[in-house]
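# Topology and contacts: notes
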Amino acid sequence: MSKLWGGRFTKPTNKLVEEETASIGFDQKLAAQDIKGSIAHVSMLAGQGIVSQDEKEKIVNGLIKVGEKLEAGKLHYSTADEDIHMNIEKFLIEEIGPVGGKLHTGRSRNDQVATDMHLYLKEHTEAIIELISKTQKAVFKQAEKHVETLLPGYTHLQRAQPVSFAHHLLAYFWMLQRDKERFEDGLKRTNISPLGAGALAGTTFPIDRHESAHSLGFDQVYANSMDAVSDRDFILEFMSAASIMMMHISRLSEELVIWSSQEFQFIELDDSFCTGSSIMPQKKNPDVPELLRAKTGRVFGNLFGLLTVLKGLPLAYNKDMQEDKEGMFDTVETLEAGLAMLAPMIETMEVKTENMKQAVSEDFSNATDIADYLVNKDVPFREAHEVIGKIVLYSINKKKFLLDLTIDEYKQFHSLFEEDIYHVLEPSQVVRNRNSYGGTGQEQVVSQLKEAESALLK
Ligand code: ARG
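Residues numbered from 1 in each chain as written. Predicted model: local features only at pLDDT ≥ 70, side-chain atom pairs only at ≥ 80, totals over all residues.

To continue, consider the overall build of the chain. A tally of regular secondary structure across the chain gives 19 helices and six strands. Scaling as 2.2 N^0.38, a compact globule of 458 residues should have a C-alpha radius of gyration of about 23 Å, whereas the chain reaches 31 Å, well beyond that. The principal-axis extent of the C-alpha atoms belonging to the chain is close to 100 × 50 × 40 Å. Within the span of the chain, comprising 458 residues, buried residues form 40% of the whole. (Helix = DSSP H or I, 4+ residues; strand = E, 2+ residues; numbered from the N terminus. Rg over C-alpha atoms; globule rule 2.2 N^0.38 Å. Buried ≥ 20, exposed ≤ 12 C-beta atoms within 10 Å, placed from the backbone.)

This is the structure in structure tokens:
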């Protein structure tokens, strides 16, 4: 079969080269965008009198037909036609005859592929933003139920101070909020049309780039044709936002894995989100959060892969850029599949409030509060810290917790201790007292939930 660009050649392409340089194996995912872009392009050509109305109608109808046949699995892509753009053009010509050859007037595959990528990423970024909102809602719903549920808060994975479980969950809500904002911001630079930039320098035809951009729903047009065909920043930005988000999801996943271990038993994931072991009958493994934690690696890898592909390229288009696609598709698909599982997994997880409660009453995470107690009685914080350190050491040796010491024992360490120390040391009081803005005190958490709710409504 002859190539669409075959005129200048005297020999057929080496078979191995043909297979290795073809992108149809993966860029067929852009079929819908390619057809949409072509319809906008030919409609603009007709509007400018570059092709006739009749030719435009034939081409548009032909493209729609090709789209339908592709959907129905009636057409077969060929490696000889290299990529999605030439495959579709070939199908079009087969469908409507030589007039189909007018479609490519005033455009190049370089602006065409860039247009397809912008369209694809715009659609999928919007879908991912929706999925992030769903995940935030799942986090929010759990948080709403657990304002009064206390668990140890950790630093260095050592018990630090008790916190409200809602507070802990809402930290992830805000991470996801920033992720969403990053994707939204990236959309501004995805929503720009490269169409009509030609191979690199523009075209001799009197095209109207603003018109085709407008009909494709883009809100801007690249001001420089060389930039238009060689810019892949919008993909890098998407992949960067994706990497940061996956890092968050990975951290959350790690917590879910830890919390569902026998050692913690703070949560239990729903059976429908776990798998068993082929040898150990007792096992219920948290595969989903483990996989999400691992998928983060490929998303980071895709970002670095593309950064590396682009870093040494001279202007304008280079074949290297064909390597932008698989990583982008992979990142999109990983995010969409991952987020789709994450939301219902969070929603259905069982929170073991009793185990959390027990954990906070069997530790020294209220130690800071006795220090604050003395500070309130005008003892300098450093001195109080020293005194409490000694009390903790004493308690460890006596195998007691702070609430178990008698008032006489307290008084041995400092004369200012009174009976009210026991109230201050109650975990729920410890949490309640952290009533500074953004703190874990229940009153603050309730108003944080309100802020989260209004962020969701925006
Ligand atoms: N398949 C190519 C890609 O994905 C399309 C653009 C090809 N342009 C060219 N002049 N070879 O990048």
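Text resumes after the structure shown.
Turning our attention to the site of the ligand. The environment of the ligand is made up of S23, D27, D83, R109, N110, V113, Y317, K319, M321 and Q322. Each of domain 1 (6-105) and domain 2 (110-358) accounts for three or more of the residues forming the shell around the ligand. (Near = placed C-beta within 6 Å. Domains from an automatic or database assignment.)

This part is about the nonpolar core. Membership of the largest hydrophobic core comes to 90 residues, with the highest contact counts inside it found for V139, L151, L169, F173, I235 and A242. Leaving out residues up to four positions away in the same chain, A242 has contacts with V299, T331 and L335. Listed in part, the twelve residues of the second largest apolar core include I370, Y373, L374 and Y410. (Core = buried A, V, L, I, M, F, W, Y, C linked by C-beta atoms within 7 Å. Contact = placed C-beta atoms within 7 Å.)

This part covers unusual backbone geometry. Residues apart from glycine generally show negative phi values, whereas peptide bonds are mostly found in trans. With an omega of 0°, the peptide bond running from L315 to A316 counts as cis. Mapped onto the elements, A316 comes out in the loop between α11 (287-310) and α12 (325-348). Residues other than glycine seldom take positive phi values, yet D378 does so here, at roughly 75°. Tracing the backbone through its elements, the reader meets D378 in the loop between α14 (367-376) and α15 (381-398).

What follows is about the UniProt feature "domain: Fumarate lyase N-terminal" (unreviewed entry) in the chain. UniProt records the feature "domain: Fumarate lyase N-terminal" (unreviewed entry) at residues 7-301, using the numbering of this structure. Taken end to end, residues 7-301 has its terminal C-alpha atoms 40 Å apart, with 60% of it in helix and 6% in strand. (UniProt positions renumbered as here; feature names shortened; annotations may be inferred.)

In this section: the pairing of strand β1 (residues 150-155). In terms of strand pairing, β1 meets strand β2 (residues 158-164) through six bridges, oriented antiparallel. Its bridge partner lying in β2, Y154 is registered against R159. Counting the residues that bridge the hairpin from β1 to β2 gives two residues, and of these H156 lies at a positive phi of roughly 55°. (Pairing = 2+ DSSP bridges.)

Below, the discussion takes up the domain arrangement of the chain. Splitting the chain by domain gives domain 1 (6-105), domain 2 (110-358) and domain 3 (360-457). Centre-to-centre, using C-alpha coordinates, domain 2 lies 38 Å away from domain 3. Facing 25 residues of domain 2, the contacting portion of domain 3 comprises 19 residues. Elements with a minimum of two residues in the side of domain 2 that touches domain 3: α6 (109-145), β1, β2, α7 (165-190) and α13 (353-361). For the side of domain 2 that touches domain 3, a count of residues per class yields 13 nonpolar, seven polar and five charged. (Nonpolar A, V, L, I, M, F, W, Y, C, P; charged D, E, K, R; others polar.)

A word on α13. All of the buried residues in α13 are M356, A359 and V360. For α13, the angular spread of buried residues about the axis comes to 95°, placing them on one side. If you follow the buried residues of α13, they end up packed against β1, β2, α7 and α18 (427-432). (Arc of directions from axis to C-beta.)

Quick look at helix α3 (residues 31-47) now. Spanning 17 residues, α3 covers 24 Å between terminal C-alpha atoms, matching the ideal 24 Å at 1.5 Å per step. Of all 17 residues in α3, twelve are buried, a share of seventy percent or more. For α3, the full list of buried residues reads A31, Q33, D34, I35, G37, S38, I39, A40, H41, V42, M44 and L45. Once α3 ends, the next one or two residues include G49, with phi positive near 75°. (Expected span 1.5 Å × (residues − 1).)

What follows is about the UniProt feature "domain: Argininosuccinate lyase C-terminal" (unreviewed entry) in the chain. Following the UniProt record, the feature "domain: Argininosuccinate lyase C-terminal" (unreviewed entry) maps to residues 364-431 here. Secondary structure across residues 364-431 comprises 66% helix and 0% strand; the distance between its end C-alpha atoms is 14 Å.

Attention now goes to the environment of K352. Its place among the elements puts K352 in the loop between β6 (350-351) and α13. Sequence-wise, K352 and Q265 are 87 residues apart; in three dimensions their C-alpha atoms are separated by 7.1 Å. Contacts of K352, omitting those with residues within four sequence positions, involve Q265, F266, I267 and E268.

Moving on to the packing of α11 against α12. For any two helices packed against each other, one specifies the inter-axial angle together with the distance between the axes. Packing of α11 against α12 leaves a shortest axis separation of 10 Å and a crossing angle of 155°. When the axis of α11 is compared with that of α12, the two are roughly antiparallel. Remark: the crossing between α11 and α12 carries left-handed chirality. Counting all contacts with α11, which are made through V288, L292, K295, R298, V299, N302, G305 and L306, the residues of α12 involved are G327, D330, T331, T334, G338, M341, L342 and M345. Split into classes, the residues belonging to the contact of α11 with α12 amount to seven nonpolar, six polar and three charged. (Axes fitted to C-alpha atoms, helices over the stretch in contact; angles between N-to-C directions. Parallel < 35°, antiparallel > 145°, perpendicular 65-115°, else oblique. Left-handed = near helix turned anticlockwise from the far one by under 90°.)

At a closest axis distance of 8 Å, the pairing of helix α10 (residues 233-259) and α11 adopts a crossing angle of 160°. When the axis of α10 is compared with that of α11, the two are roughly antiparallel. Considering only the axes of α10 and α11, their crossing is left-handed. Here the residues of the contact of α10 with α11 are counted per class, giving 16 nonpolar, six polar and four charged.

A separate point is the environment of V288. Along the chain, V288 falls in helix α11. According to the C-beta neighbour criterion, V288 is buried, with 22 such atoms within 10 Å. Each residue touching V288, except ones within four places of it in the same chain, is listed here: F273, M341 and M345.

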